[in-house]
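Examining the three-dimensional arrangement
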Amino acid sequence: MSEPSSLYARVRLTASAFAAFQASPLTLPGAYTDWHVWLDGQRYYGQISDDQIATAAHPEPANTVGAYLAETTAMGTFGLGSHYDPITATWLFRLIECSENYLDFVLILSVLRAVARYKDLPADPTNDDFILIYPFLWGGDANAYVVITPGTSYFSATIPPTASQEADASFTALYEALRAQGDLD
């Protein structure tokens, strides 16, 4: 039985920066050098070599971030997908069922981490801009926490409680809405 983790990303940036990010080409995992800083602290079946990371590629036909995000959302059972709020200048990307495979995490994180190149607003004062992959539906330890700052992204072993609470609240609201609609048994 598959027990996929959920993915929650929240980043503040202007509408024009978000549009540029969506129009940008996909970033391949080889563009980042810190994968093993994160992977070496995780528990998963098998190993992911530097060669696997360097040669990992995104499935066709997506050739822009916007197309990739749309396709990724469409593949998920309960994907919330990508949403930009122009009032708060905040982009959210949420997948309640992302994956349980660390190579899949590497691929999607390589795309999402690229938002740092377009980030042009400070983070919310109460919490960093971040990407969190964790087993919302199943409980347990987080798989990845990435902090997004203007121009860079990095893995952090420390997850602020506010980040977990924010993601939990978002997914709980989705879960309850689906339950109320009768979409969950």
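As a reminder, the structure under discussion sits directly above these lines.
Residues numbered from 1 in each chain as written. Predicted model: local features only at pLDDT ≥ 70, side-chain atom pairs only at ≥ 80, totals over all residues. Heavy atoms only, no water.

Quick word on the side chain of Ser 5
Counted only if it meets this: The helix and strand labels rest on DSSP assignments: H or I over at least four residues marks a helix, E over at least two residues marks a strand, and numbering proceeds from the N terminus. Exposure categories follow from relative accessible area, calculated using a 1.4 Å probe and restricted to protein chains: below 20% of the type maximum is buried, above 50% is exposed, and the middle band is partly exposed. Think of a polar contact as two N or O atoms within 3.5 Å of one another; within protein, one of them needs to be a possible hydrogen donor and the other a possible acceptor, and neighboring residues in sequence only count if both atoms come from side chains. Residue contacts are defined here by distance: any two heavy atoms, one from each residue, within 4.5 Å place the two residues in contact.
Structurally, Ser 5 is set in strand 1 (residues 5–12). Ser 5 gets classed as buried once you look at its relative accessible area, which sits at 4%. Among the polar contacts made by the side chain of Ser 5, one reaches the side chain of Asn 143 at a distance of 2.5 Å. The contacts of Ser 5, once residues within four sequence positions are left out, are Ile 96, Glu 97, Cys 98, Ser 99, Phe 105, Ile 133, Tyr 134, Pro 135 and Asn 143.

Some points on helix 5 (residues 102–112)
Counting buried positions over the eleven residues of helix 5 gives nine, a clear majority of the element. Every buried residue of helix 5 is listed here: Tyr 102, Phe 105, Val 106, Leu 107, Ile 108, Leu 109, Ser 110, Val 111 and Leu 112. Two or three places before Leu 103, at the start of helix 5, stands the capping residue Asn 101, its side-chain oxygen 2.7 Å from that residue's backbone nitrogen.

Focus on unusual backbone geometry
Phi angles above zero are rare outside glycine, and Ala 89 is one such case at about 55°. By the element assignment, Ala 89 lies in the loop between strand 2 (79–85) and strand 3 (90–99).

Structural notes on the packing of aromatic side chains
For the record, the criterion: Stacked, tilted and edge-to-face pairs are distinguished by plane angle, under 30 degrees for stacked and over 60 for edge-to-face with tilted covering the rest, among Phe, Tyr and Trp rings (Trp via its six-membered ring) whose centres lie within 6.5 Å. Placement of a positive charge over a ring is assigned whenever Lys NZ or Arg CZ falls within 6 Å of the ring centre and within 35 degrees of the normal to the ring plane.
Inspection of every chain in the model, using the stated rule, returns 18 aromatic pairs. When the centroid spacing of 5.9 Å and the interplanar angle of 35° are considered together, the rings of Phe 18 and Trp 91 count as tilted. With Phe 18 in helix 1 (residues 15–23) and Trp 91 in strand 3, the pair connects residues that are 73 residues apart, well separated along the chain. Like Trp 91, Phe 18 is buried. Following the ring pairs from residue to residue traces out a cluster consisting of Tyr 32, Trp 35, Trp 38, Tyr 44, Tyr 102, Phe 105 and Phe 155. Here Arg 113 stacks its cationic end above the ring of Tyr 32, 4.2 Å away from the centre of that ring. The ring of Trp 35 carries the charged tip of Arg 113 above its face, separated from the ring centre by 5.1 Å.

Some thoughts on the environment of Asp 128
Along the polypeptide, Asp 128 turns up in the loop between helix 5 and strand 4 (129–134). On the basis of relative accessible area, Asp 128 is assigned to the partly exposed category, the value being 36%. Each C-alpha atom of the pair Asp 128 and Val 146 lies 9.6 Å from the other, and the pair is 18 residues apart in sequence. Among all residues touching Asp 128, those that are not within four sequence positions of it are Arg 10, Ala 123, Tyr 145 and Val 147.

Some details on the pairing of strand 4
Let me state the cut-off plainly: What makes two strands pair is DSSP finding at least two bridges between them.
Counting buried residues in strand 4 gives six out of six residues, a clear majority hidden from the surface. On strand 4, burial covers both faces: Asp 129, Ile 131 and Ile 133 on one face and Phe 130, Leu 132 and Tyr 134 on the other are all buried. When strand 1 meets strand 4, the two strands line up antiparallel, connected through five bridges. Looking at strand 4, one finds that Ala 9 is bridged to Ile 131. In this structure, strand 4 lies alongside strand 5 (residues 144–149), joined through five bridges in antiparallel fashion. Across the sheet, residue Asp 129 finds its bridge partner in strand 5, namely Ile 148.

Quick notes on the environment of Glu 71
The residue Glu 71 is located in helix 4 (residues 65–75) in this model. With sequence-adjacent residues up to four places away left out, Glu 71 is seen in contact with Pro 61 and Ala 62.

A short note on the nonpolar core
One recurring pattern in soluble globular proteins: nonpolar side chains tend to sit buried together. Selection criterion: In this text, buried Ala, Val, Leu, Ile, Met, Phe, Trp, Tyr and Cys residues form a nonpolar core when linked through side-chain atoms within 4.5 Å.
By size, the foremost hydrophobic cluster in this structure holds 40 residues, and its most contacted members are Leu 7, Trp 35, Trp 38, Trp 91, Phe 93 and Leu 109. Going through the elements one at a time, strand 1, helix 1, helix 2 (35–39), helix 4, strand 3, helix 5, strand 4 and strand 5 are the ones with two or more residues in this core. At seven residues, the largest contribution of residues to this core is made by helix 5.

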